[in-house]
Amino acid sequence: MNSPGVHDAAAAVAVVVLVRLLARPLTSRPLGEKSRPAAVSLTVVASLLAGAVACSGGTGQRTAATAGMSGGAGPRWGACPAADAGAGVGAPVKRDPRQQCTTVRVPLDYRAPGGRRLTIEVSRIRSGAPHPKSLMTGQGGPGGSGLDLPSQDVSALPARVTRTTDLYGLDYRGIGHSDPLHCGIAPSDRTTATGISYPAADGSIDANVAWARRVARACTQHAGSALPFFNTVNIARDINRIRIALGLRTLSYTGTSYGTFVGQVYASLYPATSGRVLLDSVVPPGGVKAVIQNKGRGVEDAFGGFARWAAARDSTYRLGRSAPDVRRTVLSTVRELNGTPLPLMTGKSLSGNLLLEATEALLEQQGYFPGLAELLGAAHAGSIPADVTSKLQFESVFPDNFFSAQDAIVCNDSVWPKDVAGYRRAVTRSAALFPLTAGSPANIWPCAFWPKAGSDHPPKPVPHGPHNLLMAQNTQDPSTPLSEARRTLRAFGGRAAMVTVEATGHGVAMAKGCAADAVADFLLSESPARSRHCPAAR
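Here's what I pulled together on the structure shown here. (Residues numbered from 1 in each chain as written. Predicted model: local features only at pLDDT ≥ 70, side-chain atom pairs only at ≥ 80, totals over all residues. Heavy atoms only, no water.)

Topic: the pairing of strand E6 (residues 117-125)
Most of E6 sits out of view: 8 of its 9 residues are buried. Bridge count between strand E5 (residues 100-107) and E6: 8 bridges; the pairing is antiparallel. Counted as the bridge partner of Arg105 is Thr119 from E6. As paired elements, E6 and strand E8 (residues 165-170) share 4 bridges and run antiparallel to each other. Across the sheet, Ile125 pairs through a bridge with Leu167, a residue of E8. (Buried < 20%, exposed > 50% of the residue type's maximum accessible area, 1.4 Å probe, protein only. Helix = DSSP H or I, 4+ residues; strand = E, 2+ residues; numbered from the N terminus. Pairing = 2+ DSSP bridges.)

Here it is, written out as structure tokens:
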């Protein structure tokens, strides 16, 4: 679920679909540069979709001091902290040597500002412009570090934006270097294969229910009384508190996937000081819960583009000569493997639903299509070669902080049903309606057993206020469908406009071309946002 245009497998190392439906693919390059998908690591997000970013190595001894909540003399900037195993997910990001860091103290509970405080780690890259604009970059997910987003977005945003804009980033509360939250979730419950709640091959969700209970119990036992205060509303309040500490009259914002939901809440709570708000790959007003529940539609949208691509290359992949043929081939293969899983050279076996999990991950970017077609073709033929097997890293273990923070935010943001039988019925209905996701979007989460309701639920979009929101959306996005982005657009009324791009994948390429022009015009002006349609890139 980040700032515009940063979307590829980390230097051709791994595809990671984060937070069940919402993160941003791990990356060190702008979307639009081609890469060959390598190891497939499947954990939720939700992909949203898709990509948490790990901190790169530190540039020296930490020197930044804490900024007062009221700004005071302002924060002191110094070297950024070194990466550690719990700070994020994925390959290190190449950190721009100009990037600096500081910390800002914020209330754990904004309704009791004199009580316990948290430390928020903040980064920046200064443009060097005489009168720079200021843009906060918000991470997708939730769950991964966003501290090095400024280093990524220097090349992902239009050049005329970065020449005149100071870029800021942060680790959201509870994540990475911002007083991290730890639930002590067992390693076996935070693998890539447990991250996406797919039913068993026979449709049962018994294992999912047991997993959800264990994760919720771990957070109840280890996170303590602070657990309810890790939510999107407080993340938006933290960003505003950072604005105050920096002494800025306004602070603009951009985020991708889950980061767009943070931006929606920020713009709703602070319409007068939120500056320009750019939302890439838009989460609907219901937040992560709504993204999860709409994943079936998103996968169907994106699979159509893949099926046409594969049909045009039937001589290579043997999946079918038309898009309907490709779909039939895939679904028949899934049924066969759910009846008789295919042994792999690793000693594991590939069921049909596990194949669908891999498919969901590889639909995130069009650059992954060759790898997806190779996998589906091998599964259909009944033999997975060693080089393909090695790409299926279903047992990779994610940091405890990633899953702990992710589930805390998702579960605190929304009210989830408690009735297990209701989830069973919903999974059956979803699987019939969207067979490519096998009922996963309706499946149970730890939220069904969460210890208590969150302290704040996100507000509905506020349609009255400055015309300061621009949404950017691909027409075929597997994690945040265009139909749901349009719902968000309607909810914000006259405050928002949308740039749609004829493209498949999660995350809009914004470094050049039509979308870049629209983004730069919006971020660098004070004029109302304007809707625009961009053709497919040539």
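That was the structure; now back to the text.
Some remarks on the state of the cysteines
As enumerated under the stated definition, the model contains 4 disulfides in all. Across the disulfide from Cys80 sits Cys101; the S-S distance is 2.1 Å. Looking down the S-S bond of the Cys80 and Cys101 bridge, the torsion is 90 degrees, so its handedness is right-handed. One end of the pair, Cys80, is in the loop between strand E4 (66-67) and E5; the other, Cys101, is in strand E5, and 21 residues separate them in sequence. Each member of the pair, Cys80 as well as Cys101, carries the same accessibility label: buried. Here Cys411 connects covalently by a disulfide to Cys447, the sulfurs 2.1 Å from one another. Judged by the torsion about the S-S bond (-80 degrees), the Cys411/Cys447 disulfide is left-handed. (Disulfide = S-S within 2.5 Å.)

Description of the packing of helix H10 (residues 323-339) against helix H12 (residues 369-381)
Taken N-terminus to C-terminus, the directions of H10 and H12 make an angle of 55 degrees; their axes are 10 Å apart at the nearest point. Comparing the axis directions of H10 and H12 gives the class oblique. For H10 against H12, the interelement crossing comes out left-handed. Between H10 and H12, the contacting residues are Thr329, Val330, Thr333 and Leu337 on the first element and Leu376, Ala379 and His380 on the second. Classifying every residue of the contact of H10 with H12 by side-chain character gives 4 nonpolar, 3 polar and no charged. (Axes fitted to C-alpha atoms, helices over the stretch in contact; angles between N-to-C directions. Parallel < 35°, antiparallel > 145°, perpendicular 65-115°, else oblique. Left-handed = near helix turned anticlockwise from the far one by under 90°. Contact = heavy atoms within 4.5 Å. Nonpolar A, V, L, I, M, F, W, Y, C, P; charged D, E, K, R; others polar.)

Remarks on the nonpolar core
Residues Met136, Tyr172, Ile239, Ile242, Tyr253 and Tyr258 are the most contacted members of the largest nonpolar core, which totals 78 residues. Core analysis: the second largest hydrophobic core is formed by 37 residues, Val299, Ala302, Phe303 and Ala310 among them. (Core = buried A, V, L, I, M, F, W, Y, C linked by side-chain atoms within 4.5 Å.)

As for the environment of Cys219
Residue position: Cys219 is located in helix H4 (residues 206-222). C-alpha separation for the pair Cys219 and Trp450, spaced 231 residues apart in sequence, amounts to 8.3 Å. With near-sequence residues (within four places) excluded, Cys219 lies in contact with Cys183, Gly224, Leu227 and Trp450.

A closer look at the environment of His177
Along the chain, His177 turns up in the loop between E8 and helix H3 (192-195). A sequence separation of 58 residues divides His177 from Thr119, and the C-alpha atoms of the two residues are 8.3 Å apart. A polar side-chain atom of His177 sits 3.2 Å from the main-chain carbonyl oxygen of Ala82. (Polar contact = N/O pair within 3.5 Å; in protein donor to acceptor, adjacent residues only side chain to side chain.)

Brief notes about the pattern of salt bridges
Applying the stated rule across the entire model yields 18 salt bridges. Residue Arg327 is joined to Glu300 by a salt bridge in which the shortest nitrogen-to-oxygen separation is 2.8 Å. Of this pair, Arg327 sits in helix H10 while Glu300 sits in helix H8 (residues 295-311), placing them 27 residues apart in sequence. The class of Glu300 is buried, set by a relative accessible area of 16%. Through salt bridges with shared partners, a single network forms among Arg160, Asp521 and Arg532. (Salt bridge = Lys/Arg side-chain N within 4 Å of Asp/Glu carboxyl O.)

Quick notes on the packing of aromatic side chains
Throughout the structure, instances matching the rule amount to 13 aromatic pairs. The interplanar angle of 55 degrees and the centroid separation of 5.6 Å between the aromatic rings of Phe303 and Phe306 together place this pair among those described as tilted. A residue pair is termed a helical-turn pair when its members lie 3 or 4 positions apart in one helix, as Phe303 and Phe306 do in helix H8 at 3 residues. Through pairs of rings, three or more aromatic residues link up here, namely Phe303, Phe306, Trp309, Tyr317 and Phe369. One cation-aromatic arrangement involves Lys289 over Trp416; the distance from NZ or CZ to the ring centre is 5.5 Å. (Phe/Tyr/Trp six-rings, centres within 6.5 Å; stacked < 30°, edge-to-face > 60°. Lys NZ or Arg CZ within 6 Å of the ring centre and 35° of its normal.)

A few points about the packing of H8 against H12
Viewed as axis vectors pointing N to C, H8 and H12 meet at an angle of 75 degrees, and their least axial separation amounts to 11 Å. Classed by the angle they form, the pair H8 and H12 counts as roughly perpendicular. Every residue of H12 that contacts H8 at Gly305, Phe306 and Trp309 is listed here: Phe369, Pro370, Leu372, Ala373 and Leu376. A per-class count over the contact of H8 with H12 returns 7 nonpolar, 1 polar and no charged.

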